[in-house]
Amino acid sequence: MGTREDIVKAVETGREAGRNGEQPTACPYPRSSALRTAWIRGYAETRPVSSQPETTS
């Protein structure tokens, strides 16, 4: 696993990618890296999955 600084940087670059509208496939980290999880976490903070519409019962 990367150092704390590396993890913070990965989260920040993920946030930036989300704000810029980049695709999630733009992640620069390999699948086996813990930094990929951190990048995706940052990305998801700014590009949340759209929720399903509410239904009335």
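Predicted model, so just to flag it, every value in this text is computed and none were measured.

Q: Just give me the short version of the overall build of the protein, but keep the residues and values in it.
A: Secondary structure summary: the protein contains two helices and zero strands in total. Of all 57 residues assigned to the protein, the portion counted as buried reaches 23%. Contacts spanning at least 24 positions in sequence make up 61% of the contacts within the protein whose residues lie at least 6 apart. On the protein, roughly 4,600 Å² of surface is accessible, and the fraction owed to carbon and sulfur atoms is 49%.

Q: So, the nonpolar core: which residues are in play, and what are the values?
A: Grouped together as the largest cluster of nonpolar side chains are nine residues: Ala 10, Val 11, Ala 17, Cys 27, Tyr 29, Leu 35, Ala 38, Trp 39 and Tyr 43. Broken down by element, the residue count for this core peaks at four residues, all from helix 2 (residues 34-46). Those residues within four positions of Trp 39 in sequence are excluded, and the remaining contacts are Ala 10, Val 11, Thr 13, Gly 14, Ala 17, Gln 23, Pro 24, Ala 26, Cys 27, Pro 28 and Tyr 29.

Q: So what's going on with the packing of aromatic side chains? Residues and values would help.
A: Applying the stated criterion across every chain, the model contains one aromatic pair. Between Trp 39 and Tyr 43, the ring centres sit 5.3 Å apart and the planes meet at 15°, which makes this aromatic pair stacked. One end of the pair, Trp 39, and the other, Tyr 43, are both in helix 2, four residues apart, so they sit about a helical turn from each other. There is no split in this pair, since Trp 39 and Tyr 43 are both buried.

Q: Quick rundown of the pattern of salt bridges? Include the residues and the values.
A: Scanning the model with the defined rule gives two salt bridges in all. A salt bridge links Arg 15 to Glu 45, with the shortest nitrogen-to-oxygen separation between them at 2.5 Å. Taken together, the residues Arg 15 in helix 1 (residues 4-19) and Glu 45 in helix 2 connect sequence positions 30 residues apart. By relative accessible area, which is 23% here, Arg 15 ends up partly exposed. The class for Glu 45 is partly exposed, based on a relative accessible area of 46%. One continuous salt-bridge network, built from bridges that share partners, spans Glu 12, Arg 15 and Glu 45.

What counts as what
Residues numbered from 1 in each chain as written. Predicted model: local features only at pLDDT ≥ 70, side-chain atom pairs only at ≥ 80, totals over all residues. Heavy atoms only, no water. Helix = DSSP H or I, 4+ residues; strand = E, 2+ residues; numbered from the N terminus. Buried < 20%, exposed > 50% of the residue type's maximum accessible area, 1.4 Å probe, protein only. Contact = heavy atoms within 4.5 Å. Areas by Shrake-Rupley, 256 points an atom, 1.4 Å probe, with all protein chains shown as cover. Core = buried A, V, L, I, M, F, W, Y, C linked by side-chain atoms within 4.5 Å. Phe/Tyr/Trp six-rings, centres within 6.5 Å; stacked < 30°, edge-to-face > 60°. Salt bridge = Lys/Arg side-chain N within 4 Å of Asp/Glu carboxyl O.

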